[in-house]
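Structural overview
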Amino acid sequence: MFRRREPVPFAFLAEADRFRSNVTPPPPERSSVREIAGRWLLGLTIVAALVGSLVIGMPALSLDHSAQTQQSQASQDR
C-alpha cells in the first residue's frame, strides 16, 4: 500500500516547451469569387428555409377561436 518513488526523466517535456520552430506555415489561400458566392448562396438557402418553415408553421401554432365556438354550439344543441 505504499507508492514506489522512482525518478522519471521529464527533461524532454521541458525541452519541448522551449523548442521554437523557425519554419513559418504557408499563408492561407484566398477564397475565389466562386467559393465566396457558394458560401453566400448556402447561407441564404439556410436562412430562407428557416423563414419559410416559420411562415408555414405559424398558422399551425396559432389558436383557432372559431373552431372552439363551433364545437361549443354543437354541444349546446344536443
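Residues numbered from 1 in each chain as written. Predicted model: local features only at pLDDT ≥ 70, side-chain atom pairs only at ≥ 80, totals over all residues. Heavy atoms only, no water.

1. Section: the overall build of the chain
Filter applied, for reference: Note on conventions: DSSP H or I runs of at least 4 residues are helices, E runs of at least 2 residues are strands, and numbering of each starts at the N terminus. Relative accessible area decides the class of each residue, using a 1.4 Å probe on protein chains only: under 20% of the type maximum gives buried, over 50% gives exposed, and in between gives partly exposed. For accessible areas, the Shrake-Rupley method is used with a probe of radius 1.4 Å. Any residue's cover is judged against the shown protein chains and nothing else.
Helix and strand counts for the chain come out as 3 helices and 0 strands. Taken from N to C terminus, the helices and strands of the chain fall in the order α-α-α. The buried share of the chain, reckoned over its 78 residues, is 0%. Accessible area for the chain stands at about 8,500 Å²; split by element, carbon and sulfur atoms hold 63% of it.

2. Here's the deal with a nonpolar patch on the surface
Here is the rule: Patch definition: residues above 30% relative accessible area lacking any salt bridge, with like charges linked at up to 9 Å and the nonpolar side chains Val, Leu, Ile, Met, Phe, Trp and Tyr linked at up to 5 Å. Here a salt bridge means any side-chain nitrogen of Lys or Arg lying within 4 Å of a carboxyl oxygen belonging to Asp or Glu.
Nonpolar side chains collect at one region of the surface, where Ile-36, Trp-40 and Leu-44 lie side by side and expose about 350 Å² of accessible area between them. By the element assignment, Ile-36 lies in helix α2 (residues 33–61).

3. Here we look at the confidence of the model for the chain
Counted only if it meets this: For every residue, the predictor reports its confidence as pLDDT, a number between 0 and 100.
Mean pLDDT over the chain works out to 77, with 56% of the residues at or above the 70 mark. Averaged pLDDT values for the elements of the chain fall to 57 in helix α1 (residues 11–18) and rise to 94 in α2.

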